[in-house]
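Coordinates in review
What follows is the residue order along each chain.
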Amino acid sequence: MSNRVNFVLRFAHSCIQKMKKILITGASQGIGYQTARLLALEGYTLICIARNEDALNRLKADFPTHVKVFSCDVTDYLRLQQIHQELEQMDFLPDVIVNNAGMGYFERIEDGPIDHWHHMVDVNIKGVMNVIHVFLPHLIRVHGLIVNVGSVASHQVFPNSAMYASTKHAVKAICDGLRLELAGKVKVTMISPGAVNTGFVDSTTDERMLAEYKPYFATAMDPAAVAEQIKHCIEAPLNTVISEIIIRPDRPVK
Ligand SMILES: NC(=O)c1ccc[n+]([C@@H]2O[C@H](COP(=O)([O-])OP(=O)(O)OC[C@H]3O[C@@H](n4cnc5c(N)ncnc54)[C@H](OP(=O)(O)O)[C@@H]3O)[C@@H](O)[C@H]2O)c1
């Protein structure tokens, strides 16, 4: 193929890519916010979901023509169904979903309050399941893409975060299962970051753990670096899917 034809094909592919509608959960801050910002700047149309309405409205104000926002707790299945219905009526269902909303507590197993464990399961596993369940039929129709944000804790268990790691291992199992059953119908990407400098660590209530982890996360990866990788996966070449990305800070593991 000549260079010219190749250039035209790549340009056409890039234009088609930009027509994709992308739903991002947890878009109010951190990795989700940086991903939304980057994609909006690139000209994508976004559907942004989180609980913090003020933060969502600020995002909407920055990108009024590119961003639709919906306040929603991903553990609320009925609210997600309602959003699906609204989007369907607007002919605005997403071609890509980025399951990014998530949270974690650093604590030892013997100290961990059961409500913390339940909360992590509700958001990190059930939240991902809810979004997939609501949007999967449409994603199958359009041969869409699911990007699930896991963690290095999807692959490895670290001290003081066993229950968090178990929820992120579940995200990996969901990705693997989707690929096994729906290959050729839906594309699946899992992105697994190591420590990122976001508000993630602030959920931890154990003062001792906070004192230990806060400086470690404050000097970790910039969330914009993870956002770049999510964009890279969304823009995978025609007829390909990036199954897995693991990205970590270039430094010793804690
Ligand atoms: N930071 C890290 O070191 C790191 C490393 C590996 C993986 N991750 C993963 O990366 C993802 C993003 O985390 P982050 O680091 O960007 O943390 P973050 O700054 O705390 O952001 C978390 C996002 O998730 C949203 N969220 C939390 N609970 C929610 C719920 N019930 N319903 C809807 N949205 C909810 C938050 O929005 P609202 O509060 O507005 O709802 C927020 O936008 C998570 O899945 C996390 O497990 C993070």
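Residues numbered from 1 in each chain as written. Predicted model: local features only at pLDDT ≥ 70, side-chain atom pairs only at ≥ 80, totals over all residues. Heavy atoms only, no water.

Details of the packing of aromatic side chains
Within the structure shown, the criterion is met by seven aromatic pairs. Here the aromatic rings of Phe106 and Phe200 are separated by 6.2 Å at their centres, their planes lie at 85 degrees, and the arrangement is edge-to-face. Placement of the pair is Phe106 in the loop between β4 (96-99) and α5 (114-141) and Phe200 in the loop between β6 (187-193) and α7 (207-218), with a sequence separation of 94 residues. Residue classification places Phe200 among the buried positions, given a relative accessible area of 18%. Between the aromatic rings of Tyr216 and Phe217, the centroid separation amounts to 5.8 Å while the plane-to-plane angle is 75 degrees, which identifies the pairing as edge-to-face. (Phe/Tyr/Trp six-rings, centres within 6.5 Å; stacked < 30°, edge-to-face > 60°. Helix = DSSP H or I, 4+ residues; strand = E, 2+ residues; numbered from the N terminus. Buried < 20%, exposed > 50% of the residue type's maximum accessible area, 1.4 Å probe, protein only.)

Notes on a nonpolar patch on the surface
Nonpolar side chains collect at one region of the surface, where Phe7, Val8 and Phe11 lie side by side and expose about 340 Å² of accessible area between them. Turning to its location among the elements, Val8 is positioned in helix α1 (residues 3-18). For Val8, a relative accessible area of 48% puts it in the partly exposed group. (Patch = residues over 30% accessible without salt bridge, like charges linked within 9 Å, V, L, I, M, F, W, Y side chains within 5 Å. Areas by Shrake-Rupley, 256 points an atom, 1.4 Å probe, with all protein chains shown as cover. Salt bridge = Lys/Arg side-chain N within 4 Å of Asp/Glu carboxyl O.)

A few points about the environment of Arg251
Positionally, Arg251 belongs in the segment after β7 (244-247). The exposure class assigned to Arg251 is partly exposed, which follows from its relative accessible area of 25%. For Arg251, the residues in contact, after removing those within four places along its chain, are Ala195, Tyr216, Thr219 and Ala220. Within polar-contact distance, the side chain of Arg251 engages the backbone oxygen of Tyr216 at 2.7 Å. Within the structure, Arg251 has its side chain in polar contact with the side chain of Thr219 (distance 2.9 Å). (Contact = heavy atoms within 4.5 Å. Polar contact = N/O pair within 3.5 Å; in protein donor to acceptor, adjacent residues only side chain to side chain.)

As for the site of the ligand
In the neighbourhood of the ligand, 29 residues make up the surrounding shell, with Arg51, Asn100, Tyr164, Val196 and Thr198 lying closest. Here an oxygen atom of the ligand and a side-chain polar atom of Ser28 are 2.8 Å apart. For the ligand, an oxygen atom lies 2.7 Å from a polar atom in the backbone of Asn100. Elements represented by at least two residues in the shell around the ligand include exactly α2 (30-41) and α6 (162-182). Considering only residue class, the shell around the ligand consists of 14 nonpolar, 12 polar and three charged. (Near = heavy atom within 4 Å. Nonpolar A, V, L, I, M, F, W, Y, C, P; charged D, E, K, R; others polar.)

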